[in-house]
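Coordinate inspection notes
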Amino acid sequence: MYDVIVIGTGPGGYHAAIRAAQLGKKVLAIEADAVGGVCLNVGCIPTKALLHAAEEVENARKAAEFGLEFGEPKVDLNKLGSWRDGIVKRLTGGVQTLFKANKVELKRGFARFVGPKKLEVNGEVVEGRSIIIATGSEPATLPGFEPDEQGILTSTGALKIEEGVPKRFLAIGAGAIGLEFASIMNRFGAEVTVVEFMPQILPGSDAEVANLLARILGKQGITIKTQTKAVGYEKKKDGYHVTLEHVETGAQEEIVVDKILVAVGRRPRTQGLGLEAAGVEVDAKGFIKVNDRMETSVPGVYAIGDVARPPLLAHKAMKEGLVAAENAAGGNAVFDYQIPGVVYTSPEWAAVGMTEEEAREKGINVKVGKFPLTASGRAMTLGATEGVIKLVGDADTDLLLGVHIVAPEASDLIAEAALALEMAATVTDLALTVHAHPTLAESVMEAAEHFHKQAIHIANR
Ligand SMILES: Cc1cc2nc3c(=O)[nH]c(=O)nc-3n(C[C@H](O)[C@H](O)[C@H](O)COP(=O)(O)OP(=O)(O)OC[C@H]3O[C@@H](n4cnc5c(N)ncnc54)[C@H](O)[C@@H]3O)c2cc1C
């Protein structure tokens, strides 16, 4: 009998397992595939490795502007692939080492419920006082574009850069995954098109900031078509002839590409898990229903990460894992945190808290502060002045509500904003914090000053 059994060792699962063990519990973690889950094996980590390499290629080209000529970068795709795999191996090995150090038992196999607290794995039945479900997600499919990982790819197939950079690449979906692969392929020389059904890229995010990123990516040579859907394709000798249709006008056009990435979202993975045997309820979209303690409809059975609810992000899964573990160990933790989102294009996009649109819908007396990177000394010294910091705040209370960034290192800059929101900071608090000069982070301070029409380095309109 285990105290806690965790199904899945992705970011959610391994966090839950390790924390439960730290709290003195006897823990079993079960993994059907690769330890580390999607994020470490075929998600966050390998994409970031390729994005970094792709950005270095671009940086080498750009350096000519300030007098550094490296010549046209030579890319050894096999070596790049090995480097990517090496990082994945180190990190997934690291998780297994951490399991050992924390005395988390690891069983390889597919777990299936045979009772509320009973699982069958490899023909053996194991029982836990608490169960934490962390089975993650898989790529959503798009009718008419069934992935074969040859020409029609999921993100997993698109990661195999050693199989060659396509001459013409189409990403269906302008979410984080579609845009990140668009950037990778563009930098490595592909002709890239991205189609998005909604009126803006990164649907649901702050429209003004998303549209700025779309313009910047457009200037980099990526063709972005919003309000456009891919309706089907015909495979011909010279490539995939894809029919695109404008959502409103119905106007159709055809583009010819060599590879198509289907990046229209992900769906929770519960198939074959036997949730019925446990009595665990799912919602209409297939996500396991949980409360803010991450507990499912069955007491003592928890669900975390991508299988539980959006947003489908690693750091959200990790924190939910900690909350579930604490509760499984008899604590009373709730998930009540701000969740930043990041897209690792170049420049990066990052956001946390409310968008301007959301704040207005809530009837808040919204005010915004903005600082363009063109006015940042640090951005100039980096040769990267495209971007903006946008703060959304409450004009009546001065409370900070949201921060939206397009900038180099936006992924790191957003942590300050998340902390500010967790501490219920006012915009004045941000403005009063002394930021080192010259840094990109200063632009957050200046956006806060602009909110009060007192920024120093721009005219305060
Ligand atoms: C291309 C790509 C890039 C991404 N980049 C980022 C990023 O930069 N930042 C970010 O925050 N997020 C990113 N994500 C999302 C991130 O990967 C997920 O949010 C995260 O992996 C979710 O963690 P999880 O623990 O819920 O599940 P997963 O990581 O999906 O892990 C679930 C694990 O459970 C196992 N499993 C499933 N069913 C069973 C079973 N019945 N028995 C035993 N084991 C089972 C699976 O094999 C898997 O290993 C990216 C995703 C993709 C696809």
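Definitions and cut-offs
Residue positions are given per chain, counted from 1 along the sequence in the order it is written. Per-residue local features of the predicted model are confined to residues with pLDDT of at least 70, and side-chain atom pairs are confined, for both listing and counting, to 80 or more; whole-chain, interface and lining totals are unaffected and use all residues. Processing note: side-chain calculations cover all non-hydrogen atoms of the structure and skip hydrogens and water entirely. Helix and strand labels come from DSSP, where a helix needs a run of H or I of at least four residues and a strand needs a run of E of at least two; each type is numbered from the N terminus. Only the C-alpha atoms count toward the radius of gyration. The rule for a globule is 2.2 Å times the residue count to the power 0.38. Only protein chains enter the accessibility calculation, which uses a 1.4 Å probe. A residue is then buried if its area is under 20% of the maximum for its type, exposed if over 50%, and partly exposed in between. Every residue pair with non-hydrogen atoms within 4.5 Å of one another is taken to be in contact. For the accessible areas, the method is Shrake-Rupley and the probe is 1.4 Å, while residue cover comes only from the protein chains on display. Under the counting rule used here, the positive set is Lys and Arg, the negative set is Asp and Glu, and His together with the chain ends is not counted. For the purpose of locating charges, the reference atoms are NZ of Lys, CZ of Arg, CG of Asp and CD of Glu. As annotated, the domain borders come from an automatic or database domain assignment. What gets called buried area is simply the loss in accessible area from a 1.4 Å probe that two parts show on being joined, summed for both. Salt bridge, as used here, is a side-chain nitrogen of Lys or Arg placed within 4 Å of a carboxyl oxygen of Asp or Glu. Pairs of N or O atoms within 3.5 Å make up the polar contacts considered here, provided that, within protein, one atom can donate a hydrogen while the other can accept it, and that residues adjacent in sequence are counted only when both atoms are side-chain atoms. Gly is placed with the polar residues, together with every amino acid not listed as nonpolar (Ala, Val, Leu, Ile, Met, Phe, Trp, Tyr, Cys and Pro) or charged (Asp, Glu, Lys and Arg). Pairs of cysteine sulfur atoms within 2.5 Å are what we label disulfides. Residues are classed as near a molecule or strand on a simple rule: at least one heavy atom within 4 Å of it. UniProt positions are given in the numbering used here, feature names are shortened, and annotations may be inferred rather than shown by experiment. We define the nonpolar core as a collection of buried residues of types Ala, Val, Leu, Ile, Met, Phe, Trp, Tyr and Cys that are connected through side-chain atoms lying within 4.5 Å of one another. A strand pair is defined by DSSP finding two or more bridges across the two strands. Axis definition: a line fitted to C-alpha atoms, limited for helices to the stretch in contact. Angles are taken between N-to-C directions and run from 0 to 180 degrees.

**Description of the overall build of the protein chain**
Tallying secondary structure elements over the protein chain gives 14 helices and 22 strands in all. Computed over its C-alpha atoms, the radius of gyration of the protein chain comes to 23 Å, within 12% of the 23 Å expected for a compact globule of 461 residues. Along the three orthogonal principal directions, the C-alpha set of the protein chain runs to about 65 × 65 × 45 Å. Looking at the 461 residues of the protein chain, the share that counts as buried comes to 52%. Taking the intrachain contacts of the protein chain between residues at least 6 apart in sequence as the baseline, contacts between residues at least 24 apart amount to 62%. Of the roughly 20600 Å² of accessible surface on the protein chain, 52% is carried by carbon and sulfur atoms. For the protein chain, the distance from the average position of its 48 positive side-chain charges to the average position of its 59 negative side-chain charges is 5 Å.

**Concerning the domain arrangement of the protein chain**
Splitting the protein chain by domain gives domain 1 (2-139 + 267-329), domain 2 (152-264) and domain 3 (341-452). Taken over C-alpha atoms, the centre of domain 2 sits 28 Å from the centre of domain 3. Both sides together, the interface formed by domain 2 and domain 3 hides about 1500 Å², and carbon and sulfur atoms give 61% of it. Taken together, the links from domain 2 to domain 3 amount to four salt bridges. One salt bridge connects Lys370 with Glu208, and the closest N-O pair in it is separated by 2.4 Å. On the surface where domain 2 and domain 3 come into contact, there are eight residue pairs in polar contact (both at pLDDT 80 or more). Looking at the side of domain 2 that touches domain 3, the elements with two or more residues in it are helix 6 (176-187) and helix 7 (207-219). Ranked by residue count, the leading element in the side of domain 2 that touches domain 3 is helix 7, at eight residues. Of the residues that constitute the side of domain 2 that touches domain 3, the class distribution is nine nonpolar, four polar and five charged.

**Re the state of the cysteines**
Counting across every chain of the model gives one disulfide. Covalently, Cys39 is tied to Cys44 through a disulfide, its sulfur atoms 2.2 Å apart. Taking the torsion about the sulfur-sulfur bond, which here is approximately -125°, the covalent link between Cys39 and Cys44 counts as left-handed. Residue classification places Cys39 among the buried residues on the basis of a relative accessible area of 9%.

**Some points on the site of the ligand**
In the neighbourhood of the ligand, 39 residues make up the surrounding shell, with Gly12, Glu31, Lys48, Asp306 and Ala314 lying closest. The backbone of Cys44 places a nitrogen or oxygen atom 3.4 Å from a nitrogen atom of the ligand. In the model, an oxygen atom of the ligand is placed 3.3 Å from a nitrogen or oxygen of the Leu313 main chain. In isolation the ligand offers 1000 Å² of accessible surface; the protein chains occlude 95% of this area. For the shell around the ligand, the secondary structure elements donating two or more residues are helix 1 (11-22), strand 2 (27-31), helix 2 (37-42), helix 3 (44-62) and helix 9 (314-328). Taken together, the residues of the shell around the ligand break down into 19 nonpolar, 14 polar and six charged.

**Notes on the UniProt feature "binding site: NAD(+)" (unreviewed entry) in the protein chain**
Taking the numbering used here, the UniProt-annotated feature "binding site: NAD(+)" (unreviewed entry) corresponds to Gly173, Ala174, Gly175, Ala176, Ile177, Gly178, Leu179, Glu180, Glu196 and Gly265. A stretch of 93 residues holds the annotated residues, and the largest C-alpha distance among them is 14.0 Å, short enough that they meet in one place. Relative to the elements of secondary structure, Gly178 occurs in helix 6. Excluding its chain neighbours within four sequence positions, the residues that come into contact with Gly178 are Ala171, Gly173, Leu261 and Ala263. For Gly265, the position within the fold is in the loop between strand 15 (259-262) and strand 16 (266-268). Using a relative accessible area of 33% as the deciding quantity, one classes Gly265 as partly exposed. In this structure, Gly265 is in contact with Pro139 and Ala140, ignoring residues within four places of it in sequence.

**Considerations on unusual backbone geometry**
Omega for the bond connecting Pro310 with Pro311 falls within 30 degrees of zero, at -5°, which places this linkage in the cis form. Within the element layout of this structure, Pro311 appears in the loop between strand 17 (301-303) and helix 9. Put simply, Ser346 and Pro347 share a cis peptide bond, and its omega is 0°. Along the chain, the position of Pro347 falls in the loop between strand 18 (341-343) and strand 19 (348-353). At Gln227, a position not held by glycine, the phi torsion is positive, near 50°. Inspection of the secondary structure assignment puts Gln227 in the loop between strand 11 (223-225) and strand 12 (228-236). Its identity as a non-glycine residue notwithstanding, Lys453 has a phi of 60°, on the positive side. On the basis of relative accessibility, which here comes to 43%, the residue Lys453 falls in the partly exposed class.

**Let's talk about the nonpolar core**
Formed by 50 residues in total, the largest nonpolar core has its most connected members in Phe113, Ile132 and Ile133. When neighbours within four sequence positions are excluded, Phe113 is seen to be in contact with Ile7, Lys118, Leu119, Ile131, Ile133, Leu273, Gly274, Leu275, Ala277, Ala278 and Val301.

**Some thoughts on the sheet that holds strand 9 (residues 168-172)**
Across the sheet, which stays open at both edges, the five strands sit in the order 8-15-9-10-11 with parallel pairing between neighbours. Each of the sheet's edge strands pairs with one partner strand only, and the pair in question is strand 8 (152-153) and strand 11. Here three bridges tie strand 10 (residues 191-195) to strand 11, and the two strands are oriented parallel to one another. The residue of strand 11 that forms the bridge with Val195 is Lys225. Along the sheet face, helix 6 touches strand 9, strand 10 and strand 15 and points at about 170° away from the line of strand 10.

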